[in-house]
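Architecture at a glance
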Amino acid sequence: MDKINSLLSPIGYSNNSCGYCHSKSGSFSYYASTTSLSTGFYQCLLNRGWRRSGSLLYKPDQLASCCPQYTIRLDSELFHASKDQRQALNRFNKHILGDSYIKDTARFYPRSREQAKKRNAEFDLVERVHEGEKGHLKTPPEPAYSLTVTLEPDEFTEEKYILFENYQRLVHHEPPHRISRPGFKNFLCNSPLPRSAEKFDGRERRLGSYHQCYRIDGTLVAIGVLDLLPQCVSAVYFIYHESVHQHGFGKVGALREIALAKEEGYKWWYAGFYIHSCIKMRYKGDYTPQYMLDPGSYNWDPLDDEMKKRLDSKKFVSLSLEQAASSAAAPLTPTPPANPTDDSTDTDMNDPDFDGQSDEEDGPVPDPEKPIFERSIPGILTKEQIFAEVDLDHIKIRVRDTEAETGDLVSWETGDMGSTRSIKGIIAELVAAVGAEAAGDMIVYFG
């Protein structure tokens, strides 16, 4: 198989209106765009706090932003479903199967005493998510409804768009002018992550972007948009038809994705960003055990009750930076907790907007000429770290169809790394944001 190149086009640091608290100038991120990413490269970016929205990549500046966005992940092998999560899945399965089917199968295919005892004592997630699926049922008799769940290419179809339009309009309460076929294609179809299959520990695993499609009696009722990466199932978006809203499809979809991570050996489930200041987004923390990526050290800390108390008391939390400040006898400037916001009682797993932004006019960036490696952004390489860890002269670049290295550029030697307008400064910012490991694998692309 040909190697997949990871092409990044730097966009820069900017300030956008916040889709969570609706502040007009409070969401700061560094941005890049891409047309091609290897799954391993994107896994590396996720583990440094990045996220994608279609072909747009962005890394939030948690310290400067009004509603800090934290990367979280769940260990699918240790997952323990809560009572309400178990009830949601069991109720949905009961709806699909129907009382008549359940009674008849209990008579036709009785469980042994040991099987019944084990089922009552244990909640086997993988077993339960398949319990209502057509391909896993014993027949006759026939269930009340026919449920199929399939992993399909993330390609556009009119069937998928009709579902997306219904969800955005009636469940997500999106204004009509923000719902369109091109928007759906750009956001949730034809991602820059190509699909493939690779063996890990002797076991084949699917990689790339997929649509996990749920159909009841042949009608598409839900789609989980997923990035399948070497070490995780990354949830991009989840949509469902308003007619199945009462079945708790947000929980059903999350449990299904966790089961996929466990069953297929991906281990981790990434639910997207956790925004503690937005009450709606706190539901992501209800799935345990989860871990939160430390913005400063990129270590994973338990997202437990103690961590949530810290997030209640201060807007920005980084255990590594707090420890470093304490050791230096210079505590971090305390940040007051943000006022919790909640504009919905819905418990779906999606952000209010595609990438946490609104379509209102963006605010200005303070000191716009200052490069990100001089802004004290958590987790961003400093100028000194760039010199120590990265060979800037040998970063791979592509200009149209010509590939070279940065040192081959005529103006490279005389370029000003501290200028956000020079080619050296632009590439140095991108390197600072992706880190030394990814910098060695990426190709900086200028179309």
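The coordinates are above.
Thresholds applied
- Residues numbered from 1 in each chain as written.
- Predicted model: local features only at pLDDT ≥ 70, side-chain atom pairs only at ≥ 80, totals over all residues.
- Heavy atoms only, no water.
- Phe/Tyr/Trp six-rings, centres within 6.5 Å; stacked < 30°, edge-to-face > 60°.
- Helix = DSSP H or I, 4+ residues; strand = E, 2+ residues; numbered from the N terminus.
- Lys NZ or Arg CZ within 6 Å of the ring centre and 35° of its normal.
- Buried < 20%, exposed > 50% of the residue type's maximum accessible area, 1.4 Å probe, protein only.
- Salt bridge = Lys/Arg side-chain N within 4 Å of Asp/Glu carboxyl O.
- Axes fitted to C-alpha atoms, helices over the stretch in contact; angles between N-to-C directions.
- Parallel < 35°, antiparallel > 145°, perpendicular 65-115°, else oblique.
- Contact = heavy atoms within 4.5 Å.
- Nonpolar A, V, L, I, M, F, W, Y, C, P; charged D, E, K, R; others polar.
- Lys, Arg positive; Asp, Glu negative; His and termini not counted.
- Polar contact = N/O pair within 3.5 Å; in protein donor to acceptor, adjacent residues only side chain to side chain.
- Pairing = 2+ DSSP bridges.
- Core = buried A, V, L, I, M, F, W, Y, C linked by side-chain atoms within 4.5 Å.

**Remarks on the packing of aromatic side chains**
- Scanning the model with the defined rule gives 22 aromatic pairs in all.
- Arranged with centres 5.9 Å apart and planes meeting at 85°, the rings of Tyr270 and Trp300 form a pair that is edge-to-face. Pair noted here: Tyr270 is in strand β11 (residues 268-270) and Trp300 is in strand β14 (residues 300-302), with a separation of 30 residues, a long-range link.
- Seen from the ring of Tyr266, Arg205 lies directly overhead, with NZ or CZ sitting 5.4 Å from the centre.
- If you follow Lys424 out to its NZ or CZ, it ends over the ring of Trp412, 5.0 Å from the centre.

**Let's talk about unusual backbone geometry**
- Cis geometry is found at the peptide bond from Thr139 to Pro140, where omega equals -5°.
- Inspection of the secondary structure assignment puts Pro140 in the loop between α5 (125-130) and β6 (147-153).
- In the segment running from Pro140 into Pro141, the intervening peptide bond is cis, with an omega of 5°.
- Topologically, Pro141 is positioned in the loop between α5 and β6.
- Its identity is not glycine, yet Lys267 carries a phi of approximately 75°, on the positive side.
- Mapped onto the secondary structure, Lys267 falls in the loop between α8 (249-263) and β11.
- Take Lys267: its relative accessible area is 27%, and that puts it in the partly exposed class.

**Some remarks on the pattern of salt bridges**
- Considering all chains together, one arrives at 21 salt bridges under this definition.
- Note that Arg215 is salt-bridged to Glu159, the shortest N-O span being 3.0 Å. Of this pair, Arg215 sits in strand β8 (residues 203-216) while Glu159 sits in helix α6 (residues 158-171), and the two are 56 residues apart along the sequence.
- For Arg215, a relative accessible area of 15% gives the class buried.
- Note on Glu159: relative accessible area 35%, which makes it partly exposed.
- Between Glu369 and Arg421 there is a salt bridge whose closest N-O contact spans 3.0 Å. With Glu369 in the loop between α10 (319-327) and α11 (383-389) and Arg421 in the loop between β16 (402-405) and α12 (423-434), this residue pair connects regions lying 52 residues apart in the sequence.
- Using a relative accessible area of 38% as the deciding quantity, one classes Glu369 as partly exposed.

**Considerations on the packing of α6 against helix α7 (residues 181-188)**
- Where α6 contacts α7, the two axes come as close as 10 Å, and the packing angle between them is 100°. Judged by the inter-axis angle, α6 sits roughly perpendicular to α7. Mapping the contact onto sequence places Glu158, Lys160, Tyr161 and Phe164 in α6 and Arg181, Phe184, Phe187 and Leu188 in α7.
- Here the residues of the contact of α6 with α7 sort into five nonpolar, no polar and three charged.

**Structural notes on the packing of helix α2 (residues 83-97) against α8**
- Packing of α2 against α8 leaves a shortest axis separation of 9 Å and a crossing angle of 100°. Compared by their axis directions, α2 and α8 come out roughly perpendicular. Two secondary-structure elements touch here, α2 through Asp84, Gln85, Ala88, Leu89 and Phe92 and α8 through Phe249, Lys251, Val252 and Leu255.

**Here's the deal with the environment of Glu155**
- Mapped onto the elements of the fold, Glu155 is located in the loop between β6 and α6.
- Note on Glu155: relative accessible area 41%, which makes it partly exposed.
- Residues Glu155 and Gly26, 129 residues apart in the sequence, show an inter-C-alpha distance of 34 Å.
- If sequence neighbours within four positions are ignored, Glu155 has contacts with Lys160, Cys189, Asn190, Arg195 and His211.

**A look at the side chain of Arg73**
- Summarising the element assignment, Arg73 is placed in strand β5 (residues 70-75).
- No salt bridge is formed by the buried Arg73. Its closest oppositely charged neighbour is Asp75, at 8.0 Å.
- A polar contact is formed between the side chain of Arg73 and the side chain of Tyr270, at a distance of 3.2 Å.
- Leave out the neighbours within four places in its chain, and Arg73 touches Asn47, Trp268, Trp269, Tyr270, Pro289, Gln290, Tyr291 and Trp300.

**Some details on the sheet that holds strand β1 (residues 6-16)**
- Here seven strands make up an open sheet; going across it, the order is β3-β4-β2-β1-β17-β15-β16 and the pairing mixed. Sheet topology places β3 (51-53) and β16 at the edges, where each strand pairs with a single neighbour. The sheet shows a mean angle of 35° between the axes of neighbouring strands, direction not considered.
- In the packing of α12 onto the sheet, the strands contacted are β1, β2 (27-36), β4 (56-60), β15 (396-399) and β17 (442-446), and the crossing angle to β17 comes to about 140°.

**Here's the deal with the nonpolar core**
- Judged by nonpolar contacts, the single largest core of 61 residues is most densely connected at Phe249 and Trp269.
- Looking at which element gives the most residues to this core, the answer is α8, with eight residues.
- The next biggest cluster of nonpolar side chains, apart from the first, holds 42 residues, and it includes Phe41, Tyr42, Leu392 and Val431.

**Quick notes on the pairing of β4**
- Burial within β4 is extensive, with four of its five residues counted as buried.
- Bridge count between β2 and β4: five bridges; the pairing is antiparallel. Paired with Ala32 across the two strands is Leu57, which belongs to β4.
- One ladder, built from three bridges, connects β3 with β4; its direction is antiparallel. Each residue of the ladder has a partner; that of Arg51, found in β4, is Tyr58.
- In textbook terms, the turn of a hairpin is the stretch between consecutive antiparallel strands, and for β3 and β4 this stretch comprises two residues, one of which, Gly54, has a positive phi near 65°.

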